[in-house]
Amino acid sequence: MAEDVAVSEETLTGALSLLVSLGKILLQNAQQEAAASLETFVPHKITTLFGLITAGENFYRGIGVKTKGEAEAVWQKLYHHPAIREHVEVLLKLENEWDSFLQSVDKGLQTTDEQLSGVKTVDSLSPNSLFTDARSGKSVTLGQFLGQAQKLLLVLIGHFGWLP
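Residues numbered from 1 in each chain as written. Predicted model: local features only at pLDDT ≥ 70, side-chain atom pairs only at ≥ 80, totals over all residues. Heavy atoms only, no water.

So, on to the overall build of the protein. Across its full length, the protein holds 6 helices and 2 strands. Listing each helix as α and each strand as β along the protein from the N terminus yields α-α-α-α-α-β-β-α. A total of 164 residues make up the protein; the buried ones form 27% of that total. Once local pairs closer than 6 in sequence are excluded, the contacts in the protein between residues at least 24 apart make up 62%. On the protein, roughly 11500 Å² of surface is accessible, and the fraction owed to carbon and sulfur atoms is 57%. (Helix = DSSP H or I, 4+ residues; strand = E, 2+ residues; numbered from the N terminus. Buried < 20%, exposed > 50% of the residue type's maximum accessible area, 1.4 Å probe, protein only. Contact = heavy atoms within 4.5 Å. Areas by Shrake-Rupley, 256 points an atom, 1.4 Å probe, with all protein chains shown as cover.)

Structure below.
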């Protein structure tokens, strides 16, 4: 628990500095890759995010915590030190930059989906929508799957071979 963790100012400053540095480098790489092509970024280059996950894990280990809440509790104890306060503010700014980048990727992918299909994406499907049951090969309606009082994982795969 964070209450039990005793981290020196130097240790926390070093861990925050490393996390921010790696986070900035990874964000810059991800932005360049996404700018080159969203179509190749998502299936082939999104592994950049694994680097961010590893950096976060190393940060948590470095200060002896397991969750973001515990990390926040640790830096709150040392927040009165100017160096800690500065590093935390830079980290929070970087977090916002990552959020903005990921939202722009999501928005770009939605635009790409519309461009590829030539139609707007739908918010809902009719229970009368016709599908093929992959297990049986039979045609079924969405309504046949809904309301069966069971947990259901429904995988919808679109085929766009008919598009011009």
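Residues Leu12, Phe59, Ile63, Trp75 and Phe101 are the most contacted members of the largest nonpolar core, which totals 28 residues. Among the elements of the structure, helix H1 (9-36), helix H2 (38-45), helix H3 (48-63), helix H4 (68-77) and helix H5 (82-117) are those that each provide at least two residues to this core. With 9 residues, H1 is the single largest residue contributor to this core. Residues within four places of Phe59 in sequence aside, it is in contact with Leu12, Ala15, Leu16, Leu19, Ala71 and Trp75. (Core = buried A, V, L, I, M, F, W, Y, C linked by side-chain atoms within 4.5 Å.)

Below, the discussion takes up the pattern of salt bridges. A full pass over the atoms with the stated rule returns 3 salt bridges. Residue Lys68 pairs with Glu95 through a salt bridge whose shortest N-O separation is 2.8 Å. On the criterion of sequence distance, the pair formed by Lys68 in helix H4 and Glu95 in helix H5 is long-range, its members being 27 residues apart. Put simply, Glu97 and Lys93 hold a salt bridge, and the shortest N to O gap is 3.3 Å. (Salt bridge = Lys/Arg side-chain N within 4 Å of Asp/Glu carboxyl O.)

A few words on H1. For H1, with 28 residues, the first-to-last C-alpha span of 40 Å sits near the 40 Å given by 1.5 Å per residue. What H1 keeps buried is the set Leu12, Thr13, Ala15, Leu16, Leu19, Val20, Gly23, Leu26, Leu27, Ala30 and Ala34. (Expected span 1.5 Å × (residues − 1).)

As a further point, take the packing of aromatic side chains. The full count for this structure, using the stated rule, is 2 aromatic pairs. Here Phe59 and Tyr60 contribute two aromatic rings whose centre-to-centre distance is 6.0 Å and whose plane-to-plane angle is 50 degrees, an arrangement assigned as tilted. Overall, Tyr60 belongs to the partly exposed group, its relative accessible area being 23%. Considering the side-chain rings of Trp98 and Phe101, the 5.9 Å spacing of their centres and the 80 degrees angle between planes classify their relative orientation as edge-to-face. With Trp98 and Phe101 both in helix H5 and 3 residues apart, the pair spans about one turn of that helix. (Phe/Tyr/Trp six-rings, centres within 6.5 Å; stacked < 30°, edge-to-face > 60°.)

Our next topic: the side chain of Thr13. Mapping Thr13 onto the fold places it in helix H1. With relative accessibility at 17%, the residue Thr13 sits in the buried group. Once residues lying within four places of it in the same chain are set aside, the contact partners of Thr13 are Ala83, Ile84 and His87.

Counting along an α-helix, one turn takes 3.6 residues, and residues three or four places apart therefore face a common direction. The end-to-end C-alpha separation of H3 is 24 Å, in line with the 22 Å expected for 16 residues at 1.5 Å each. What H3 keeps buried is the set Thr48, Ala55, Gly56, Phe59 and Ile63. The buried residues of H3 occupy an angular sector of 95 degrees when projected down its axis, which confines them to one face. Summarising the geometry of H3, the exposed residues directed more than 90 degrees from the buried face are Phe50, Ile53 and Arg61. Within two residues after H3, Gly64 carries a phi angle of roughly 75 degrees, on the positive side. (Arc of directions from axis to C-beta.)

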